[in-house]
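Here's the letter readout for the chains.
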Amino acid sequence: MKRIYLDYNATTPVRPEVLEALLPYYRDQFGNPSSVHWAGRQVSGAVEKAREQVAALLNCSPAEIVFVSCGTEADNTSLKGTVDALKGKGNHIITTTVEHPAVLETCRYLEKTGCRVTYLPVDSDGMLDLDELEGAITPETILISVMWANNETGTIFPIEQIGAIAKRHGVRFHTDAVQAVGKLDVDVQKHNVDLLALSGHKLGAPKGVGVLYVRRGTRLTPFMHGGHQERNRRAGTHNVAAIVGLGKACELAMAERESTCARVKELRDRLERGIFARVPQVKLNGHPAERLANTLNVSFAWIEGESLLLNLDMKGIAASSGSACTSGSLEPSHVLGAMCVEVTLAHSSTRFSLGPDTTVEDVDYVLEVLPPIVQRLRDMSPLYNCGKVDACEGCDTVKKL
Amino acid sequence: MYSEKVMDHFSNPRNVGEIENPDGVGEVGNASCGDIMKIFLKVENDVITDVKFKTFGCGAAIAPSSMVTEMAIGKTIEEALALSNQAVAEALDGLPAQKMHFSNLAADSLHEAIKNYRATHP
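Undergrad: Mind laying out the overall build of chain A, listing which residues take part and the relevant values?
TA: Helix and strand content of chain A: twelve helices and 13 strands. Here chain A has a C-alpha radius of gyration of 22 Å; the compact-globule value for 401 residues is 21 Å, and the two agree. Overall, the C-alpha framework of chain A stretches about 70 × 50 × 35 Å when taken along its three principal axes. The buried share of chain A, reckoned over its 401 residues, is 60%. Contacts in chain A between residues far apart in sequence, at least 24 positions, make up 73% of those at least 6 positions apart. Here chain A displays about 16,300 Å² of accessible surface, and carbon together with sulfur accounts for 52% of that area. One finds the centroid of the 43 positive side-chain charges in chain A at a distance of 4 Å from the centroid of its 48 negative side-chain charges.

Structure follows, in structure tokens:
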């Protein structure tokens with residue numbers, strides 16, 4: 001059976017060049033980079049080279065790069081570390097209702113410890129109102145945390161403008177750029193970012209490594225206490241091989257990002273046009289234009305997302321869904337809820353996220369097998385043709401889930 | 001995640017559809033929770049002769065719907081009322097713990113359909 005992977009926003013395969021670069025660090029070059037002897041020296045240079053490769057991609061100084069274990073750790077450190085370091089200044093955080101759980105759940109935790117958090121709403125395209133963001137800033141505000149691009153819908157936030165607002169008000173700005181790095185021009189100078197989270201496995205590096213960018217001069221209480229690694233920013237022995245792999249992945253992203261994204265966008269658009277041409281009653285979730293080039297999130301009215309995923313899986317196609325059934329709860333995606341997507345449509349949502357290895361044949365295969373699956377599930381659905389729900393109309397949104 | 005029996009009933013569901021002029025109809029579930037089951041019955045001399053279903057939901061909703069129709073056909077009304085959610089789940093070799101909620105809907109919707117039959121056929 002064909003195997004078609006369209007879930008690159010969940011994770012990506014390790015790129016062959018990356019694997020080749022990192023394997024020696026599991027074999028002969030086993031040293032601890034903190035050691036002074038030959039075995040340590042062999043690998044400390046490799047960690048520093050990776051730091052330079054990451055810094056080049058983000059347009060910052062290597063000294064501002066902190067290697068961590070994952071995007072979630074980078075987000076946690078940014079938020080909790082800021083709250084602790086700036087507790088003399090204030091206790092108010094501004095974020096959005098559509099953040100990744102790594103930020104949302106950290107904010108919920110911080111609320112329990114006495115912080116005040118403003119969760120900014122989004123419109124039906126998933127976009128923020130910048131006037132509302134600026135209006136939420138108070139003298140107590142110590143941090144604005146807004147993701148660069150949304151993992152579920154691909155909607156891209158105006159990070160440069162948000163960075164400018166933060167700078168104007170002297171408020172620290174953190175962005176979860178996990179979905180943006182490697183897909184967009186993530187330049188921390190141009191966008192005035194103070195803290196940024198990225199994750200290796202979203203751009204062809206292994207799982208278990210991430211980066212926290214910390215602008216020089218940013219006071220931040222460490223999350224991990226222990227040794228003096230990472231200029232006392234993050235204790236713990238370096239995950240050398242994964243760090244080397246991440247450096248290589250960043251180097252490749254820098255060289256290939258624009259050409260890869262243009263190719264992926266063409267394929268994504270082919271998939272999008274094809275689905276809308278072949279399947280009636282489909283709703284696009286996310287901003288029509290300000291959207292990651294690889295992401296397509298659509299709701300197929302009257303059917304439930306997981307049952308569609310299982311059917312696609314039987315045909316070898318890997319995708320993802322915002323339905324409750326795939327989240328392990330009874331509530332569908334909080335992102336689609338924040339966008340006021342009608343609740344059955346939220347359960348119907350399906351995300352296709354393409355990557356550098358996606359081909360025209362892959363897209364055409366999906367376009368061939370998807371419509372009959374949707375029709376079969378609709379024929380099985382008590383909501384279909386029952387005259388009760390007329391989905392996909394603008395008026396069909398409900399305000400709360 | 002799902003047993004072979006669940007996947008079998010999910011990919012080849014039995015008795016999908018509606019019955020014209022049914023003797024009983026039952027619907028349970030809630031679109032906001034992501035699952036609705038509707039069951040249609042044909043009853044002759046107190047015996048269920050035909051059952052059809054329509055379901056909006058995930059694999060753990062569709063498979064029990066299919067299974068409960070198979071289990072109900074040929075049973076008397078009393079026997080069908082004794083059919084429990086647990087029995088449906090067991091017939092499917094179990095469901096993932098976090099999805100037991102869905103299997104509960106299958107027997108419930110059958111019982112709703114029987115209630116409706118009794119109300120309309122005094």
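Structure's up, so let's keep going.
Undergrad: Residue-level account of the sheet that holds strand E10 (residues 295–300) of chain A, with values.
TA: Residues and elements named next belong to chain A. Judged by pairing direction, the sheet is antiparallel, and its four strands sit side by side in the order E9-E10-E13-E12 without closing on themselves. Looking at which strands have only one partner, the edges of the open sheet turn out to be strand E9 (282–284) and strand E12 (320–321). Of the strand pairs in this sheet, E10 and strand E13 (residues 349–353) are connected by five bridges, and their pairing is antiparallel. Bridge assignment links Val 298 to a residue of E13, and that residue is Thr 350.

Undergrad: Mind laying out the interface of chain B and chain A, listing which residues take part and the relevant values?
TA: In this assembly, 26 residues from chain B lie in contact with 23 residues from chain A. Taken as a group, Phe 10, Lys 54 and Phe 56 of chain B account for 30% of the area that chain B buries against chain A, more than any other trio of residues on that side. Taken together, chain B and chain A are joined by zero salt bridges. Put simply, the parts of the chain that give the side of chain B that touches chain A at least two residues each are helix H1 (4–11), strand E2 (35–44), strand E3 (47–56), helix H2 (59–72) and helix H5 (100–120) of chain B. In terms of residue class, the side of chain B that touches chain A is made up of 15 nonpolar, seven polar and four charged.

Undergrad: Got a sec to walk through the nonpolar core? Specific residues and values, please.
TA: Of all hydrophobic cores here, the largest spans 76 residues; its most connected members are Leu 58, Ile 144, Trp 148, Phe 157, Ile 162, Leu 196 and Leu 246 of chain A. Counting residues per element, this core draws most heavily on helix H7 (residues 240–278) of chain A, at ten residues. Membership of the second largest hydrophobic core comes to 64 residues, among which are Leu 41, Ala 61, Ala 63 and Ala 113 of chain B.

Undergrad: Outline the pairing of E13 of chain A, listing residues and values.
TA: Residues and elements named next belong to chain A. Within E13, five of the five residues are buried, which leaves the element mostly enclosed by the surrounding structure. Alternating positions in E13 separate into two faces, Ser 349, Arg 351 and Ser 353 on one and Thr 350 and Phe 352 on the other, with burial throughout. Where E12 lies against E13, two bridges are found, and the strand directions are antiparallel. Looking at E13, one finds that Ser 321 is bridged to Thr 350.

Undergrad: Break down the environment of His 287 of chain A for me, with residues and values.
TA: Residue and element names in this part refer to chain A. Looking at the element boundaries, His 287 is found in the loop between E9 and E10. In sequence terms His 287 and Pro 101 are 186 residues apart; their C-alpha atoms lie 21 Å from each other. Setting aside anything within four residues of it in sequence, one finds His 287 in contact with Asp 125, Met 127 and Thr 155. In terms of polar contacts, His 287 uses its side chain to reach the backbone amide nitrogen of Ala 289, at 3.0 Å. Engagement of the side chain of His 287 in a polar contact is seen with the backbone nitrogen of Glu 290, the distance being 2.8 Å.

Undergrad: Now, about the packing of aromatic side chains: what can you tell me, with residues and values included?
TA: Residues and elements named next belong to chain A. Scanning the model with the defined rule gives three aromatic pairs over all chains in all. Ring geometry for Trp 302 versus Tyr 384: centroids 5.2 Å apart, planes at 50 degrees, classification tilted. Remark: Tyr 384 occurs in the segment after helix H12 (360–380) and Trp 302 occurs in the loop between E10 and helix H8 (305–314); sequence separation between them is 82 residues. Like Tyr 384, Trp 302 is buried. Of note, Lys 80 hangs over the ring of Tyr 109, and the distance from its end group to the ring centre comes to 5.0 Å. The side chain of Arg 108 reaches across the aromatic face of Tyr 119, ending 4.8 Å from its centre.

Undergrad: Explain a negative patch on the surface to me, using residue names and the numbers behind them.
TA: Judged by side-chain charge, Asp 123, Asp 129, Asp 131 and Glu 132 of chain A come together as a negatively charged surface patch. Under the relative-accessibility criterion, Asp 129 of chain A is labelled partly exposed at 39%.

Undergrad: Report on the sheet that holds strand E1 (residues 24–30) of chain B, specifying residues and quantitative values.
TA: Residues and elements named next belong to chain B. Read across the open sheet, the three strands follow the order E1-E2-E3; overall the sheet is antiparallel. A strand with exactly one partner marks an edge of an open sheet, and here the two such strands are E1 and E3. Strand-to-strand twist across the sheet, computed as the mean angle between neighbouring axes with direction ignored, equals 15 degrees. Here E1 runs beside E2; their pairing, made up of seven bridges, is antiparallel. When the bridges of E2 are listed, Val 25 appears paired with Phe 40. The strands touched by H2 within the sheet are E2 and E3, with E3 carrying the most contacts at an inclination of about 175 degrees.

Undergrad: Kindly report on the pattern of salt bridges, identifying the contributing residues and their values.
TA: All names here are of chain A. Tallied over the entire structure, the rule returns 23 salt bridges over all chains. Notably, a salt bridge pairs Arg 234 with Glu 73, separated by 2.8 Å at the nearest N-O pair. Of this pair, Arg 234 sits in the loop between strand E8 (210–214) and H7 while Glu 73 sits in helix H3 (residues 71–85); the two residues are 161 residues apart in sequence, bridging distant segments of the chain. Pair check on accessibility: Arg 234 and Glu 73 agree, each one buried. A salt bridge links Asp 194 to Arg 215; the nearest nitrogen and oxygen atoms lie 3.0 Å apart. With Asp 194 in the loop between strand E6 (172–176) and strand E7 (195–199) and Arg 215 in the loop between E8 and H7, this residue pair connects regions lying 21 residues apart in the sequence. On the basis of relative accessibility, which here comes to 12%, the residue Asp 194 falls in the buried class. Residue classification places Arg 215 among the buried positions, given a relative accessible area of 19%.

Cut-offs applied
Residues numbered from 1 in each chain as written. Chains lettered and ligands numbered in written order. Predicted model: local features only at pLDDT ≥ 70, side-chain atom pairs only at ≥ 80, totals over all residues. Heavy atoms only, no water. Helix = DSSP H or I, 4+ residues; strand = E, 2+ residues; numbered from the N terminus. Rg over C-alpha atoms; globule rule 2.2 N^0.38 Å. Buried < 20%, exposed > 50% of the residue type's maximum accessible area, 1.4 Å probe, protein only. Contact = heavy atoms within 4.5 Å. Areas by Shrake-Rupley, 256 points an atom, 1.4 Å probe, with all protein chains shown as cover. Lys, Arg positive; Asp, Glu negative; His and termini not counted. Charge placed at Lys NZ, Arg CZ, Asp CG, Glu CD. Pairing = 2+ DSSP bridges. Buried area = accessible area lost by both parts, 1.4 Å probe. Salt bridge = Lys/Arg side-chain N within 4 Å of Asp/Glu carboxyl O. Nonpolar A, V, L, I, M, F, W, Y, C, P; charged D, E, K, R; others polar. Core = buried A, V, L, I, M, F, W, Y, C linked by side-chain atoms within 4.5 Å. Polar contact = N/O pair within 3.5 Å; in protein donor to acceptor, adjacent residues only side chain to side chain. Phe/Tyr/Trp six-rings, centres within 6.5 Å; stacked < 30°, edge-to-face > 60°. Lys NZ or Arg CZ within 6 Å of the ring centre and 35° of its normal. Patch = residues over 30% accessible without salt bridge, like charges linked within 9 Å, V, L, I, M, F, W, Y side chains within 5 Å. Axes fitted to C-alpha atoms, helices over the stretch in contact; angles between N-to-C directions.

Without other data, these values stay purely geometric and don't point to any function.
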